[in-house]
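Residue-level listing of the chains:
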Amino acid sequence: MRNYVIIFSVLVFSLLLNACNTQKTNSKEKRSSTQDSPYLGQKTPGLIPEPFAPGLVTTDGWENCGGFSPDLKEFYFLRQAEEKDEDDKMKLVVVQNNNNQWQKSVVSPRLGTPFISPDGKTMYLSRKYRERTHNGSWSEIRKLEPPFDSLPTMRLTVSSKGTYFFDEFKRDLTGDIRYSRIINGKHEEPKLLNKKINTGKSFHPFIAPDESYLIFDSTREDGYGDSDIYISFRKQNGSWGDPINLGDKINTNAWEACASVTPDGKYLFFNRNMGSKDYENVDIFWVSTQVLEKLRSKQ
């Protein structure tokens, strides 16, 4: 009888040990899924655009203007209310990495198009901004200094030098892109970019941190239908090159817009209308920035 008790005890101990090892293995797998891919644990794309984080970010609804913080631990985007009991307003949403788990939460109602500065210290929201506090949270909403606080801006981005690049949206549905450098510690009066970039329908600029290129969307005769995404590379003499359409892998006969590049420079994010002309289903796509480098080599 004693032998049976010993054998039974050994079996129980073995089962418990295996269960613990399995739990540890599963725990390691969960941790590695986010550690191996900092982009919300997603498998990274190649030269063909793919919807970003289906179910977590991209849904059958409306998601727009996504972008990471410099440490890749936060992903911000705009979305339409998903639940029936929510109001119909747009919201600013963040997906954060907490203890190796990605968690989504609402930051606030939409107050502008989010863009985080290259140093991670400021979140620009079109004509407003927030600053990162000492505990990692964001400050209260503040207005930009004049004249930027009153311009009809849809999106404002900033380079590592502090230069603003932003669009001015007009009531007749036209718009142009302007810039403002820091001169003697203050932003200069906004200036229009050249007519190659500005055709009256140029919006949502993204300036590279080193100002080596500018990405924007525009409706043009050489496009594929609705708004397309273009890139202009800065020449050695400081001038801007002719805008280049990103091609039929990025642009379609639908609306593509609001492009940006991840802080590590590896991936291009942009929006595409997957619904009707009512834009009820706008998705966030991403693709390798090799598509941009191929265009640079052709210039």
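All values derive from a computational prediction rather than experimental measurement.

Trainee: Tell me about the sheet that holds strand β11 (residues 164–169), residues and numbers included.
Mentor: Sheet strands pair by backbone hydrogen bonding; their relative direction is either parallel or antiparallel. Spatial strand order, β10-β11-β12-β15: four strands in an open sheet with antiparallel pairing. Each edge of the open sheet is held by one strand with a lone partner, namely β10 (156–158) and β15 (191–192). Alignment of strand β12 (residues 175–180) against β15, held across two bridges, turns out to be antiparallel. Looking at β15, one finds that Arg-178 is bridged to Leu-192.

Trainee: So what's going on with the nonpolar core? Which residues, and what values?
Mentor: Grouped together as the largest cluster of nonpolar side chains are 28 residues, with contacts concentrated most on Ile-215 and Leu-268. At the level of elements, β10, β11, β17 (213–218), β18 (228–233), β20 (256–261), β21 (267–273), β22 (282–288) and α2 (290–298) are the ones that each hand at least two residues to this core. Those residues in contact with Leu-268 that sit more than four places away from it in its chain are Ile-215, Leu-246, Ala-259, Ser-260, Val-261, Phe-285, Trp-286, Val-287, Thr-289 and Leu-292.

Trainee: Explain the packing of aromatic side chains to me, and be specific about the residues and the numbers.
Mentor: In total, this model carries 24 aromatic pairs according to the counting rule given. Aromatic pair Phe-75 and Phe-77: ring centres 5.9 Å apart, planes at 35 degrees, arrangement tilted. Just as Phe-75 is buried, Phe-77 falls in that class too. Centre to centre, the rings of Phe-169 and Phe-203 are 5.9 Å apart; their planes meet at 55 degrees, and the pair counts as tilted. With Phe-169 in strand β11 and Phe-203 in strand β16 (residues 202–207), the pair connects residues that are 34 residues apart, well separated along the chain. An aromatic cluster is present here, built from Tyr-39, Phe-52, Phe-68, Phe-75, Phe-77, Tyr-267, Phe-269 and Trp-286 joined pairwise through their rings. Its guanidinium or amino end placed over the ring of Tyr-230, Arg-220 lies 5.1 Å from that ring's centre, counting from NZ or CZ. One Lys or Arg, Arg-272, reaches over the ring of Phe-285 and ends 4.6 Å from the middle of that ring.

Trainee: Break down the pairing of strand β7 (residues 122–125) for me, citing the residues and quoting the values.
Mentor: Side chains Thr-122 and Tyr-124 project from β7 onto one buried face, and the interleaved Met-123 and Leu-125 project onto a second face that is buried too. Sheet topology note: the strand β6 (residues 114–116)/β7 ladder contains three bridges and is antiparallel. In the strand pairing of β7, Ile-116 is matched with Met-123. Hairpin geometry of β6 and β7 is characterised by an intervening segment of five residues between the two adjacent antiparallel strands and by a positive phi of about 75 degrees at Gly-120. Linking two consecutive strands that pair antiparallel, namely β7 and strand β8 (residues 128–131), is a turn of two residues; a positive phi of about 65 degrees is found at Ser-126 within it.

Cut-offs applied
Along each chain, numbering runs from 1 in the same order as the chain's sequence is written. At least 70 in pLDDT is required for a residue's local features to be given in this predicted model, at least 80 for side-chain atom pairs to be given and counted, and no such filter applies to totals for whole chains, interfaces and linings, which use all residues. Only heavy atoms go into the side-chain values, all of them from the structure, while hydrogens and water stay out. Two strands pair if DSSP finds at least two bridges between them. Note on conventions: DSSP H or I runs of at least 4 residues are helices, E runs of at least 2 residues are strands, and numbering of each starts at the N terminus. Put simply, buried Ala, Val, Leu, Ile, Met, Phe, Trp, Tyr and Cys residues joined by side-chain atoms within 4.5 Å make one nonpolar core. Accessibility here uses a 1.4 Å probe with only protein chains present; expressed as a share of the type maximum, an area under 20% marks a residue as buried, one over 50% as exposed, and anything in between as partly exposed. Should any heavy atoms of two residues lie within 4.5 Å, those residues are considered in contact. For Phe, Tyr and Trp, where Trp contributes only its six-membered ring, two rings pair if their centres lie within 6.5 Å, and the inter-plane angle classes them as stacked under 30 degrees, edge-to-face over 60, or tilted in between. Charge-over-ring contacts are defined here by two conditions on Lys NZ or Arg CZ: a distance within 6 Å of the ring centre and an angle within 35 degrees of the ring normal.

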